[in-house]
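What the coordinates show
Single-letter residue listing:
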Amino acid sequence: MDRSTLSLVAALLLAICSLSPTSLAETVHCDLQPVDSEVTYVTNQVSEGCVAHVPNATLEVHIFFLEFPTHMSQVELTVQVSKQNGTRPREVLLVLSTDKNIFLQLQAAGIPLHLAYDPKLVFQASPGVNTTHLPDFTDKNHLLDWARTKGAITSIAKLDDPQNILLRLDQAPRSPSSCRPEPHMDMGHTLEWQPSAKASVRGCRLEGVAGHKEAHIIRVLPGPKARSRTVTVKVELRCALEDPDAVLILQGPPYVSWLIDANHNMQILTTGAYSIKIFPEGNMSGVQLPDTPQGLLGEARRLNTSLVASFVELPLASVVSLRTSSCGGGLQTSPPPVQTTPPKESCNLHLLMSLIQPKCSDDVMTLVLKKDLISTLMCTIMSLTFWDPNCRAEDRDGQFVLRSTYSTCGMQVTENVVSNEVVVNLLSSSSPQRKKVQCINVESFSFQLGLYLTPQFLQASNTLELGQQGFVQVSVSPLIPELTLQLDSCQLDLGPEAETVELIQSQAAKGSCVSLLSPSPRGDVRFSFLLRGYMVPTPKAGTLSCTVALHPRTWSLEVHRTVSMRLNIVSPGMPGKTLVLPAVLGITFGAFLIGALLTAALWYIYSHTRPPSKREPVVAVAAPASSESSSTNHSIGSTQSTPCSTSSMA
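Throughout, residues of each chain are indexed from 1 in the direction in which the sequence is written. Local features in a predicted model are, by the rule used here, given only for residues with pLDDT of at least 70; side-chain atom pairs are given and counted only at 80 or more, and totals for whole chains, interfaces and linings are based on all residues. As a convention, hydrogens and water are excluded, and side-chain values are obtained from all of the structure's heavy atoms.

Section: the environment of Asp136
What counts, and what does not: Each helix is a run of DSSP H or I of at least 4 residues and each strand a run of E of at least 2, with the numbering of both proceeding from the N terminus. Partly exposed residues are those whose accessible area sits between 20% and 50% of the maximum for their type, while under 20% is buried and over 50% is exposed, using a 1.4 Å probe and protein chains only.
Mapped onto the elements of the fold, Asp136 is located in the loop between β10 (130-133) and α3 (140-148). For Asp136, a relative accessible area of 68% puts it in the exposed group. Spatially, the C-alpha atom of Asp136 lies 8.3 Å from that of Asp118, the residues being 18 residues apart in sequence.

A short note on the nonpolar core
Our working rule: The nonpolar core is taken to be a set of buried Ala, Val, Leu, Ile, Met, Phe, Trp, Tyr and Cys residues, with the residues joined through side-chain atoms within 4.5 Å.
Within the largest apolar cluster, 36 residues are counted, with the highest numbers of intra-cluster contacts made by Phe447, Leu487, Leu492, Leu503, Phe527 and Phe529. Sorting the residues of this core by element identifies β33 (446-452), β36 (469-477), β37 (483-493), β38 (501-505), β41 (525-530), β42 (541-552) and β43 (559-570) as the ones contributing at least two each. In this structure, Leu352, Ile356, Leu369 and Cys391 belong to the second largest nonpolar core, which totals 32 residues.

Quick notes on the confidence of the model for the protein chain
Let me state the cut-off plainly: pLDDT measures the predictor's confidence residue by residue and takes values from 0 up to 100. Residues count as neighbours in contact if any of their non-hydrogen atoms are within 4.5 Å of one another.
A residue-level look at the protein chain finds 80% of positions with pLDDT of 70 or above and a mean pLDDT of 80. Across residues 576-581 the pLDDT falls below 50, and counting only partners more than four positions away or on other chains, this stretch makes 5 contacts in the model.

Some thoughts on the state of the cysteines
Here, the word disulfide means a covalent bond between the sulfur atoms of two cysteines. Heads up, the condition is: Here, the term disulfide refers to a pair of cysteine sulfur atoms separated by no more than 2.5 Å.
Summed over the entire model, instances satisfying the criterion amount to 5 disulfides. Bridging Cys30 to Cys204, the disulfide has an S-S length of 1.3 Å. As the torsion about the S-S bond is roughly -45°, the Cys30-Cys204 disulfide counts as left-handed. Taken together, the positions of Cys30 in the loop between α2 (21-27) and β1 (33-34) and Cys204 in strand β15 (residues 202-205) put the pair 174 residues apart, joining distant regions of the chain. No difference in accessibility class separates Cys30 from Cys204, as the two residues are buried.

Here's the deal with the sheet that holds strand β13 (residues 182-186)
Convention followed: For two strands to be treated as a pair, DSSP must find at least two bridges joining them. Lines fitted to C-alpha atoms define the axes, with helix axes restricted to the stretch in contact, and inter-axis angles between N-to-C directions lie between 0 and 180 degrees.
Reading across from one edge, β10-β8-β6-β4-β11-β3-β13 is the order of the 7 strands in this open sheet, with mixed pairing throughout. Looking at strand neighbours, the two that pair on one side only are β10 and β13, the edges of this open sheet. Within the sheet, the average angular offset between the axes of one strand and its neighbour, ignoring direction, is 30°.

Some points on the side chain of Gln473
Using the following cut-off: In protein, a polar contact means a hydrogen-donor-capable atom and an acceptor-capable atom, both N or O and within 3.5 Å, with residues adjacent in sequence counting only if both atoms are side-chain atoms; elsewhere, any N or O pair within 3.5 Å suffices.
Looking at the element boundaries, Gln473 is found in strand β36. Classification of Gln473 as buried rests on a relative accessible area of 12%. A polar side-chain atom of Gln473 sits 2.6 Å from a polar atom in the side chain of Arg526.

Side note on the sheet that holds strand β34 (residues 460-461)
Reading across from one edge, β34-β33-β36-β41-β40 is the order of the 5 strands in this open sheet, with antiparallel pairing throughout. The sheet terminates laterally at β34 and β40 (514-517), the two strands that pair on one side only. One ladder, built from 6 bridges, connects β36 with β41; its direction is antiparallel. Bridge pairing links Gly470 to Phe529 in β41.

Section: α3
Worth spelling out the cut-off: It is the directions from the helix axis to the C-beta atoms whose arc is reported.
Turning to α3, its buried residues are Leu143, Leu144, Trp146 and Ala147. The arc that holds every buried residue of α3, seen down its axis, measures 160°, which confines them to one face. The backbone nitrogen of Asn141 lies 3.3 Å from a side-chain oxygen of the residue at the head of α3, namely Asp139.

Side note on the environment of Leu384
Structurally, Leu384 is set in strand β27 (residues 381-385). Residues in contact with Leu384, not counting those within four places in the same chain, are Leu367, Leu369, Cys391, Arg392, Ala393, Phe400, Leu402, Val422, Val423 and Val424.

Some details on the packing of aromatic side chains
We apply this condition: Classification of ring pairs uses Phe, Tyr and Trp, with its six-membered ring standing for Trp, and accepts pairs whose centres are within 6.5 Å; under 30 degrees between planes counts as stacked, over 60 as edge-to-face, and the remaining range as tilted. Any Lys NZ or Arg CZ that is within 6 Å of a ring centre and within 35 degrees of that ring's normal is treated as a charge sitting over the ring.
All told, the structure shown has 4 aromatic pairs when counted by the stated rule. Arranged with centres 6.0 Å apart and planes meeting at 55°, the rings of Phe137 and Trp146 form a pair that is tilted. Chaining the aromatic ring pairs together yields one cluster made of Tyr452, Phe457 and Phe471. When the ring centre of Phe457 is taken as reference, the NZ or CZ atom of Arg526 above it lies at 4.0 Å.

Description of the pairing of strand β18 (residues 246-251)
Burial within β18 is extensive, with 6 of its 6 residues counted as buried. On β18, burial covers both faces: Ala246, Leu248 and Leu250 on one face and Val247, Ile249 and Gln251 on the other are all buried. Sheet topology note: the strand β16 (residues 214-220)/β18 ladder contains 6 bridges and is parallel. Each bridged residue has a counterpart across the sheet, and for Ile217 the counterpart in β18 is Ile249. Note that β18 and strand β20 (residues 267-270) share 4 bridges and pair parallel. Bridging across to β20, Ile249 finds its partner in Leu269.

Side note on the pattern of salt bridges
This is how the line gets drawn: Salt bridge, as used here, is a side-chain nitrogen of Lys or Arg placed within 4 Å of a carboxyl oxygen of Asp or Glu.
Tallied over the full model, the rule gives 17 salt bridges. Glu38 is paired through a salt bridge with Arg323; the nearest N and O atoms lie 3.3 Å apart. Linking Glu38 in strand β2 (residues 38-43) with Arg323 in strand β24 (residues 317-324), this pair joins segments that are 285 residues apart in sequence. On the accessibility criterion, Arg323 (29% relative accessible area) is partly exposed.

Listed below in structure tokens is the structure:
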């Protein structure tokens, strides 16, 4: 082979190598710069944490250590438990430790939850939640020691600047029996959370590629634990005219599959299988993709994209949301930061207005704002009034109190709703801030509490026997479709000499002898409870009280009302209990039959045990009158108490 031929072969080999994806990745020129696209994500990864499996615990403890970069943050915390075939959820102690002030919005419907927190740092707007103030701890270990004295620690999580937290109370059978925090922990199904800070999104224009095709690249980094999972990717391209010519590139660990929800048609490349939300059963195979940023940019160029509209790297997430408005119109870069003097922190107006939540009772609307909380929000309130400027808030004991009856201060009263407007004048704002507030006109409703002795709820009663099951129904009239009735708590007060029996607490059954029942066809809330059969001293009366909440469907405000009724408590066989005629006849016939059987038994014993040598005259022996009484008394004395012990009811 001559020299010219060898040169030609070498040139061809170089040309082929230059077309390989690896070469493209190495030579691609793309200067990534911040862009206006927005990426948020939900993850199970925490900087430090643990999950334990404690199946036999009656109280489970969950601990959050929260850290924030700003003086005041807002956190939404949701606690959920899955349906468990009628098994009531265990009691939960939720311990919240934070290094900055937070405004907490807690949701834990149907869960008997206690919240332990530092009231100087945590301001929570969750009515009906049982709270405990944390002692002053010098470090984290002292808090953990205190928590262990309360119950079994089920989970611990340290979160950096969270915005939304979802805690699931379902058991994790594969977890260890004790909770020992580990760095970079995958909390699995137990915890999901969303950071407040948006992910860093960058983009660039690929040199030497013409056209308007754009690429969106999401790279999910491996987590500390390799387990199969599906990442949901939501893509929203805000395009005014037509579908963009776009490609979505998703790269992640080999154990990750993808569920894609996009509002425009796109070309899709993924590592691992993927499916489209509108066709979730149609799994499509993935492809081999580079696992470096430069390699992914080279893949975008290989697909003839002229623009990388968004490129983002994320920790292992469960949900990723991408919103962008480029749509082939060019790179939407963010302006470069300008070196200036850091601005003075201004009033957090959003959080301030969220605190304006009046309460209504007895024809009065009342709004209370704590001054130390307002100061934490960097706000200075000059005046706080209703729509009528003459109705001003009073400065009372470190708080602003704004109140008015339904007939003054510009109140607008309809059949079921009372409305007004709160006007806030701030030192930092030239124009007043206004918020419309509403209350339910409770006086237009009638609440009824009824006790029944059968599950058919046919005839109400005010008398309950020890050891008897009672069925309770709470109803409201008139029935308004826009309102829902919810049972928050119920208790039975048996007087000063006995402990109060907790029946319903935080919308959940309290004890094994209480069961929440399905609502009536018209929406009345119902539950049943079993009263213990033995109490010392024996109560003769009690007061059944229930707190209910009316929830409007169109706004978040709720109104609470407590209804109660007086009950007569009787013991089995107690004088004064009225017996109907069939019961009297049945008892009489039973007593006669028992006496006859005892007489026959005694005669049989006598006739078969006398001495055989000498026959004695037959003498009829009447059964002693005390025999029947003795047998009957023995039967009554053997009555056992119901399975509902003191610990299960109190």
